[in-house]
Amino acid sequence: MNLFKLAEKLHQSLVDAGVEFTHDGYPIIPKEMILKNYPDEMIPFEHRNSCKNPQATVLTHFSNDELLYRRLRHIDKDIEICKSYMGVAGFDLSPRLGWDIEQQRFNLLINQMVNAYRAINGVKILPNFRIGDITTISSLDSFPANGLYAVGTLGCSKAYASINSTYLKTKLLYKRPDGLLVYGNLMPQYKAILYDFGIPYRVYEDFKSTCYRKRRVS
């Protein structure tokens, strides 16, 4: 798919809806469309039918990019699905460290425009705390200060624990979140940082681990 044409379409829709943009060009998500409460469950979009209570469930997009491209092809169709749930964690197209900085910024722009487009169409958004390298931190300006944020830890390498710790501290100082919703395992060094900063958090077991645990019990 042509992501540049998609970005142009989303941008025009947001402009037409009166959405404002940050100095760096990221759309500002309306505050009233930001989730303020913890859900009972966080479930990947592709496994949404397994949730117990949609109205207490946040759908996630902490998946590989190939699955996310599929969702971008069905962005309008997915809105009606998302509106049946408590909310959706921010879109998560990869801004991987080491990539060209413009690629990182473009993917983050797509993420934030998808979030804003869903928000203006009635979908509640749980902000995603992910950025690329530290120069992309302004992408978080799409969301208000404080509030709750989602963090996906799947695929996080221990080899990057040091730089990720530095980035986590920087983001905590930048946004001062009221709490983090962690999807996946939370490593001890990150727990220590959250404790030092006085940030409440809640860990949600990832879907694959949940299925494995249930199989072992049965």
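Residues numbered from 1 in each chain as written. Predicted model: local features only at pLDDT ≥ 70, side-chain atom pairs only at ≥ 80, totals over all residues. Heavy atoms only, no water.

K.L.:
What is the right way to look at the overall build of the chain in this model?
P.N.:
Assigned secondary structure in the chain consists of seven helices and seven strands. Element order for the chain, N to C, with α for helix and β for strand: α-β-β-α-α-β-α-β-β-α-β-α-β-α. In terms of C-alpha radius of gyration, the chain reaches 17 Å, essentially the compact-globule figure of 17 Å for 218 residues. With respect to the principal axes defined by its C-alpha atoms, the chain has extents near 50 × 35 × 30 Å. Across the 218 residues that make up the chain, the buried fraction comes to 48%. (Helix = DSSP H or I, 4+ residues; strand = E, 2+ residues; numbered from the N terminus. Rg over C-alpha atoms; globule rule 2.2 N^0.38 Å. Buried < 20%, exposed > 50% of the residue type's maximum accessible area, 1.4 Å probe, protein only.)

K.L.:
Explanation requested: the sheet that holds strand S6 (residues 179-183) in the structure shown.
P.N.:
For sheets, the rule is that strands pair by backbone hydrogen bonds, running either parallel or antiparallel. Sheet architecture is open: three strands sit in the order S5-S6-S7, paired in parallel fashion. In this open sheet, the two strands that pair with only one neighbour each are strand S5 (148-152) and strand S7 (201-204). Mean inter-strand twist for the sheet, computed between neighbouring axes without regard to direction, equals 20°. Pairing of S5 with S6 involves five bridges; the strand directions are parallel. By the bridge assignment, Ala150 is partnered in S6 with Leu181. (Pairing = 2+ DSSP bridges. Axes fitted to C-alpha atoms, helices over the stretch in contact; angles between N-to-C directions.)

K.L.:
Quick question: what am I supposed to make of the packing of helix H1 (residues 3-16) against helix H4 (residues 101-120) here?
P.N.:
For any two helices packed against each other, the geometry comes down to the angle between their axes and how far apart the axes lie. With their axes 10 Å apart at the nearest point, H1 and H4 run at an angle of 40° to one another. In this view, H1 runs oblique relative to H4, as classed from their interaxial angle. Of the two elements, H1 crosses H4, and the hand of that crossing is left-handed. Where H1 abuts H4, its residues Leu3, Phe4, Ala7, Leu10, His11, Ser13 and Leu14 lie against Phe106, Ile110, Met113, Val114, Ala116, Tyr117 and Ile120. For the contact of H1 with H4, the residue count by class is twelve nonpolar, two polar and no charged. (Parallel < 35°, antiparallel > 145°, perpendicular 65-115°, else oblique. Left-handed = near helix turned anticlockwise from the far one by under 90°. Contact = heavy atoms within 4.5 Å. Nonpolar A, V, L, I, M, F, W, Y, C, P; charged D, E, K, R; others polar.)

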